[in-house]
Amino acid sequence: MCGIVGAVAKRDVVPVLVEGLRRLEYRGYDSCGVAVLQDGKPQRARSVARVADLAAQVAESGLTGETAVAHTRWATHGAPVTHNAHPIFSRDEIALVHNGIIENHESLREELRGQGYEFVSQTDTEVIAHLIHVLLQGAAAGDLFKAVRLATKRLHGAYAIAVFRKQEPHVVVGARAGSPLVVGLGNGENFLASDALALAGTTDQFIYLEEGDVVELRLNGVQIVDRHDAPATREVRTVHAYSGAVELGPYRHYMQKEIFEQPRAIGDTMEGVEGITPELFGENAEGVFKQIDSVLILACGTSYYSGLTAKYWLESLAQVPTSVEVASEYRYRDSVPNPKTLVVTISQSGETADTMAALQHAQSLGQAHTLAICNVGTSAMVRETALHYLTRAGTEIGVASTKAFTTQLTALFLLTLTLAKLRGRLTAAQEAEHLKQLRHLPAALNSVLALEPQIIAWADDFARRENALFLGRGLHYPIALEGALKLKEISYIHAEAYPAGELKHGPLALVTDEMPVVTIAPNDALVEKLKSNMQEVRARGGQLYVFADADSNIQNDEGVHVIRMPEHYGQLSPILHTVPLQLLAYHTACARGTDVDKPRNLAKSVTVE
Ligand code: F6R
């Protein structure tokens, strides 16, 4: 969601910035732009099409410069039209790009109007540009770094910004509060970006700014001040951001590539796991895990569904009472805090604003035991939690989360086993068996991926529908939810998931011969009950699409389409059953011709509330 790149150098940086924007496309955007200091003033190109269109405009107009900022915008305040696209100018002196939301933009706008500023966009961003401009005339006395430090004190909300002004060539100032921003250090040149990936190939030396930091980039160095305006030193890290993540290889879409990467991603997530031990989650994990009496999981979207799955594992295998909350709800509701609970946040990006705010809310209630399960080791979420498990899915570019989900489940299963072991609920033999099955997951997933041709045959059928139901029971109910979410977000088919036992309490009214009903039917303790639920569907003409185990005795029949799942290990079955649902959503979306990797209205990292 929104991307920033900025640079100061003694060469034309426009190609670096445009390439950076291309690498940030995956975050989701609906307009983009670049501004440079050229011929002594800011000049810009903006597009409401793709970065490729911006690149063509830049080439045609001959935009070049050594001081520049660039942006991909995901519209919040103001429609995705050219005059709202960033960079936003103030009085043709300042060029600014911004991620996030300024909550007090209305009062600032009134104040600035009173001082003679005209607003030409509907963005909240324009108030920042004018605020910096007005400060430069007064308290900041022509010093951009100082003006940004003063301006940020007046902003409420979450943001990352990058800005330059015509009077200070080779200076770009950045600030972060709630949205990520990294500094890339070069030789006689320096950069800013929302994600190190944007600068892969340009530098591998990065500083991850902390909350409230303001940074000034010059050719020969960077200066940082912290939230209290005190000079700050931040660790320089070598990060080999993998630009190969943005190469599609033989795949048609990133989502397809990422679905097929899951055996590797889970193998990597398990790397180094020799046995079940609290140290997997951090040095002090054992002490923490021994003190806690419950688990509170906070997450959004797909990550929330991995939390729901973990509740089944944690309560049955480790017998730890677990609650799972949608982060955007938890942060605003009155809850009963428990200082002995382990707060677990789950996030692919580690940037999701709602999950971060829920974490901070949980902490403010005196719940200090925190653990993040996250795919980005340098994220704010990892920094702000005491314990972590890093999933090693690799960069996920498709907006619809796939490999992040199955690696989260892998990490959550390891957490379950760890808590079970500490509570004396895991024998050595059970530990060895679970580990064996975890290590076998990549091979098991490859067998599931081999079902793709059968799923493509179903997808043609689904592509003609406007509604679908997904059913699962027990551990597989959250997987049904995830399957429905995948289908709706990328194919735009309305999909709902229910625990199969709930059918007759309402959703059965929707079942006609037009309704496809996807059923997850592993041969577990509930399979006979599930078969009764399937009969209820068939009796109303509903078309069943069933993922069944070989020994569950569910056969192809009129209105009953069956794909047989390869043999699998019961406890890990949710991970395996996720994959055919991802493939079904993917191929249905392809058959409908939607923009699979960038579905409408959605962004990758949701860094605003
Ligand atoms: C769905 C999807 C979203 C994310 C959600 C949380 O496919 O990708 O629902 O799961 O926005 O994002 P993270 O995991 O980055 O916190």
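Computed from a predicted model, the values in this text were never measured in an experiment.

Visitor: Help me understand the overall build of the chain, please; the structure alone is not making it clear to me.
Guide: Each helix and strand in the chain was counted, giving 18 helices and 24 strands. Relative to its length of 609 residues, the chain is compact, with a C-alpha radius of gyration of 26 Å against a globular reference of 25 Å. With the C-alpha coordinates aligned to their principal axes, the bounding extent of the chain is approximately 80 × 55 × 40 Å. Across the 609 residues that make up the chain, the buried fraction comes to 61%.

Visitor: Looking at this model, I keep getting lost on the sheet that holds strand β9 (residues 182–185). Mind explaining?
Guide: Taken together, the eight strands give an open sheet; going across it, the order is β3-β2-β4-β1-β10-β9-β11-β14, and neighbouring strands pair in antiparallel fashion. Of all the strands in the sheet, just β3 (41–47) and β14 (237–238) have a single pairing partner and so form its edges. Pairing geometry for β9 and strand β11 (residues 205–208), over three bridges, is antiparallel. Bridged to G184 within β11 is F206. The strands that helix α1 (residues 14–24) touches are β1 (3–8), β2 (31–38), β4 (67–73) and β10 (190–193); relative to β1, the one it contacts most, it runs at about 160°. The sheet contacts of helix α2 (residues 51–61) involve β2, β3 and β4, and relative to β3 the element is tilted by about 140°.

Visitor: Is there a simple way to explain the site of the ligand in this structure?
Guide: Near the ligand there are 14 residues, and of these S303, S347, Q348, T352 and E489 occur at the shortest range. One of the backbone nitrogen or oxygen atoms of Q348 is found 2.7 Å away from an oxygen atom of the ligand. Between the ligand and the protein, one listed contact pairs an oxygen atom with a side-chain N or O atom of T352 at 2.5 Å. For the ligand, the accessible surface in isolation is 400 Å², of which the surrounding protein chains cover 89%. Every element with two or more residues in the shell around the ligand is listed here: α9 (301–318) and α16 (477–491).

Visitor: Would you mind going over unusual backbone geometry with me for this structure?
Guide: Residue P87 is reached from H86 by a cis peptide bond, and omega for that bond is 0°. The topology assignment puts P87 in the loop between β4 and β5 (88–90). Residue D92 is not a glycine yet carries a positive backbone phi of 55°. Following the sequence through the fold, D92 ends up in the loop between β5 and β6 (94–102).

Visitor: Would you mind showing me how to read the packing of helix α13 (residues 403–422) against helix α14 (residues 428–449) here?
Guide: The relative placement of two packed helices is expressed as an angle between their axes plus a distance between the axes. Running from N to C, α13 and α14 cross one another at 175°; their axes reach a closest spacing of 12 Å. If you check the angle between α13 and α14, you find them roughly antiparallel. Residues T410, F413, L414, L417 and K421 of α13 pack against E431, H434, L438 and L441 of α14. When the residues that make up the contact of α13 with α14 are grouped by side-chain class, the tally is five nonpolar, two polar and two charged.

Visitor: Can you walk me through the environment of G201 in this structure?
Guide: Structurally, G201 can be placed in the loop between β10 and β11. You can call G201 exposed: its relative accessible area is 84%. Linking G201 and H240, residues 39 residues apart in sequence, is a C-alpha distance of 8.7 Å.

Visitor: Is there a simple way to explain the UniProt feature "domain: Glutamine amidotransferase type-2" (unreviewed entry) in the chain in this structure?
Guide: Those residues carrying the UniProt feature "domain: Glutamine amidotransferase type-2" (unreviewed entry) are residues 2–220 in this numbering. Across residues 2–220, helical content stands at 26% and strand content at 33%; the span's end C-alpha atoms are separated by 28 Å.

Visitor: Would you take a moment to explain the nonpolar core for this structure?
Guide: Nonpolar side chains in soluble globular proteins tend to end up buried together. Within the largest apolar cluster, 86 residues are counted, with the highest numbers of intra-cluster contacts made by F289 and F470. Residue assignment places this core across two domains, with domain 2 (259–449) and domain 3 (452–592) each supplying three or more. In this structure F470 touches A480, G483, A484, L487, A495, E496, A497, Y498, V518 and L581, once residues within four positions along its chain are discounted. V127, I128, V171 and A177 belong to the second-largest nonpolar core, a separate cluster that totals 32 residues.

Visitor: Which parts of the structure should I look at to understand the packing of aromatic side chains?
Guide: The relative placement of two aromatic rings is captured by the distance of their centres and the angle of their planes. Summed over all chains, the structure comprises eight aromatic pairs. Here the aromatic rings of F281 and F289 are separated by 5.7 Å at their centres, their planes lie at 65°, and the arrangement is edge-to-face. In this structure F281 comes out as buried when scored by relative accessible area, which is 0%. By relative accessible area, which is 0% here, F289 ends up buried. Each member of the aromatic cluster is reached from another via a ring pair, and the members are W458, F462, Y545 and F547. Directly above the aromatic system of F145 lies the positively charged group of R149, at a separation of 4.6 Å from the ring centroid. A cation over an aromatic ring shows up here: R600 above the ring of Y492, its NZ or CZ 3.8 Å from the ring centre.

Parameters and conventions
- Residues numbered from 1 in each chain as written.
- Predicted model: local features only at pLDDT ≥ 70, side-chain atom pairs only at ≥ 80, totals over all residues.
- Heavy atoms only, no water.
- Helix = DSSP H or I, 4+ residues; strand = E, 2+ residues; numbered from the N terminus.
- Rg over C-alpha atoms; globule rule 2.2 N^0.38 Å.
- Buried < 20%, exposed > 50% of the residue type's maximum accessible area, 1.4 Å probe, protein only.
- Pairing = 2+ DSSP bridges.
- Contact = heavy atoms within 4.5 Å.
- Axes fitted to C-alpha atoms, helices over the stretch in contact; angles between N-to-C directions.
- Near = heavy atom within 4 Å.
- Polar contact = N/O pair within 3.5 Å; in protein donor to acceptor, adjacent residues only side chain to side chain.
- Areas by Shrake-Rupley, 256 points an atom, 1.4 Å probe, with all protein chains shown as cover.
- Parallel < 35°, antiparallel > 145°, perpendicular 65-115°, else oblique.
- Nonpolar A, V, L, I, M, F, W, Y, C, P; charged D, E, K, R; others polar.
- UniProt positions renumbered as here; feature names shortened; annotations may be inferred.
- Core = buried A, V, L, I, M, F, W, Y, C linked by side-chain atoms within 4.5 Å.
- Domains from an automatic or database assignment.
- Phe/Tyr/Trp six-rings, centres within 6.5 Å; stacked < 30°, edge-to-face > 60°.
- Lys NZ or Arg CZ within 6 Å of the ring centre and 35° of its normal.

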